[in-house]
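# Residue-level structure breakdown
Listed here are the chains, written in short residue letters.
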Amino acid sequence: MRAYYKCARCGYTADTNVWLWRCPRCGGPIDVIIEDLRLTLSEQRGLWRFAGVIPAKPLVSLGEGFTPLVKARFLGENTYLKLEYLNPTGSFKDRGSAVAVSKTAELNAKAVVEDSSGNAGISIAAYASVAGIRARIYVPRDAPEGKKSLIKALGAELIEAPSRADASKMAIGSIGSDEVYIGHTWNPWFIQGTKTLAYELVNQLGHAPTSIVLPVSAGTLLLGLFIGFNELMNMGLINELPRLFAVQVQGFAKLYEELHGEYRSEPTRIADALRVSEPPRISQMINAVKSSNGDAIVVTDDEIVRAWKYMFRSGFIIEPSSATVLSGYWRLMGNNKINRNDEVVLILTGNGLKYVDLINKYVIAESNI
Ligand SMILES: Cc1ncc(COP(=O)(O)O)c(C=O)c1O
Ligand SMILES: [Zn+2]
């Protein structure tokens, strides 16, 4: 497979035998482009079944991918839930980490630096540990304790920052000469991992669904799906792009605001995983939603808590940031963006087992938010 780096903004190109996390010429986000794309399925199970379209050596794996796709008749006749929270470290991030950390291992990196609201930090910590690479993870101070503990338990160095945005600035400012910035909000390899979700959905359903509802913050899942489905289209393996519906939360709705104008609100107090205020790949995110004929919506904390409780009662132990997709689905059904007969997939991105305190408060004691 022939792949190269390309800057979407200025056209800069480079060989992928070096580590780049952004364009060295203009500072914009950089992509990995595959020249001779052809789908051959490998014998391996999980994400690396699609090694034929992943431009990195499969050096690190924890069994990520091939998560269950379950029919949710309680929501709609053709509605499915994709249980991405059952990935090895409890979120879809493992797809991105498997590929990004494999690439750093291929390039003999000794240490990686990441900033995260929590889940990507947990995931990178695990994969780095398996690869024998040191990891330093910057998170906002108010990240859930369960997430911070997991990052430490997995052997990474945890550094707490005043906010999510500060975590990013501190991480980028701290990179030593023998370290690699793996920050997933910029990283092109991470998206080469999340794109496998598109391949997997087509593999499991036999075709592409009509619509997909997913939580969006930095957009790594949105862009992975968009790139994956576009690759499948280009290879003639599907006929139409699914409509991508991005669900955002109060105070962190950059994509929604770019499409529909300002959204004034208090920042979310419950969807801690969706707090990227300035996504580096915002232009690509706008394009993904527009050219798939999708949309972006914002759901409130009230709506999230209602959906969260409903998902617990339905047997799905997910985190609040993931419950947003059910709030979004209800809203999109209400305004006819999604129709009863559409084949719809809701991506359940993160596991709820990290949230004892909030489960006690909102699900069991039923406190108001
Ligand atoms: C559980 C969960 N869902 C969704 C997202 C959103 O992903 P992205 O920031 O790539 O848009 C995240 C990101 O942290 C997450 O942890
Ligand atoms: Zn550039």
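Residues numbered from 1 in each chain as written. Chains lettered and ligands numbered in written order. Predicted model: local features only at pLDDT ≥ 70, side-chain atom pairs only at ≥ 80, totals over all residues. Heavy atoms only, no water.

### Here's the deal with the site of ligand 1
What counts here: Put simply, a residue is near a molecule or strand once any heavy atom of it comes within 4 Å of that molecule or strand. By the criterion applied in these results, polar contacts are pairs of N or O atoms within 3.5 Å in which, for protein atoms, one can donate a hydrogen and the other can accept it, and in which residues neighboring in sequence qualify only through two side-chain atoms. Areas reported here follow the Shrake-Rupley algorithm with a probe of radius 1.4 Å; residue values treat only the protein chains shown as occluding. Lining residues are those with an atom within 4 Å of a point, where the points come from a 1 Å grid over the protein atoms alone and group into cavities, where a 1.4 Å probe fits but cannot get out, or pockets, open sets with protein on both sides within 12 Å along at least five of seven lines. The rule for placing a molecule in a cavity or pocket is simple: more than half of its atoms must lie within 2 Å of the grid points. Three categories are distinguished: nonpolar for Ala, Val, Leu, Ile, Met, Phe, Trp, Tyr, Cys and Pro, charged for Asp, Glu, Lys and Arg, and polar for the others, with Gly belonging to the last.
Near ligand 1 you find 17 residues, and of these Lys 93, Ser 217, Gly 219, Thr 220 and Thr 349 are the closest. Interatomic distance of 2.7 Å between a side-chain N/O atom of Lys 93 and an oxygen atom of ligand 1. If ligand 1 stood free it would expose 390 Å²; the protein chains cover 98% of that surface. In a pocket analysis with a 2 Å cut-off to the grid points, ligand 1 is assigned to the largest cavity. Grouping the amino acids of the shell around ligand 1 by side-chain chemistry returns seven nonpolar, eight polar and two charged.

### Notes on unusual backbone geometry
Negative phi is the rule for most residues except glycine; trans is the rule for most peptide bonds. How we decide: The helix and strand labels rest on DSSP assignments: H or I over at least four residues marks a helix, E over at least two residues marks a strand, and numbering proceeds from the N terminus. Exposed residues in this analysis have more than 50% of their type's maximum accessible area, buried residues have under 20%, and partly exposed residues fall in between, with area computed by a 1.4 Å probe over protein chains only.
Its identity is not glycine, yet Phe 66 carries a phi of approximately 50°, on the positive side. Structurally, Phe 66 is set in the loop between strand 3 (30-34) and strand 4 (69-71). A positive phi is found at Glu 366, a non-glycine position, where the angle reads about 55°. Here Glu 366 shows up in the segment after helix 12 (356-364). Note on Glu 366: relative accessible area 44%, which makes it partly exposed.

### Digging into the environment of Gly 28
So the rule is basically this: Any two residues whose heavy atoms approach within 4.5 Å are treated as being in contact.
Its place among the elements puts Gly 28 in the loop between strand 2 (13-15) and strand 3. Those residues in contact with Gly 28 that lie beyond four places of it in its chain are Arg 9, Arg 22, Cys 23 and Trp 186.

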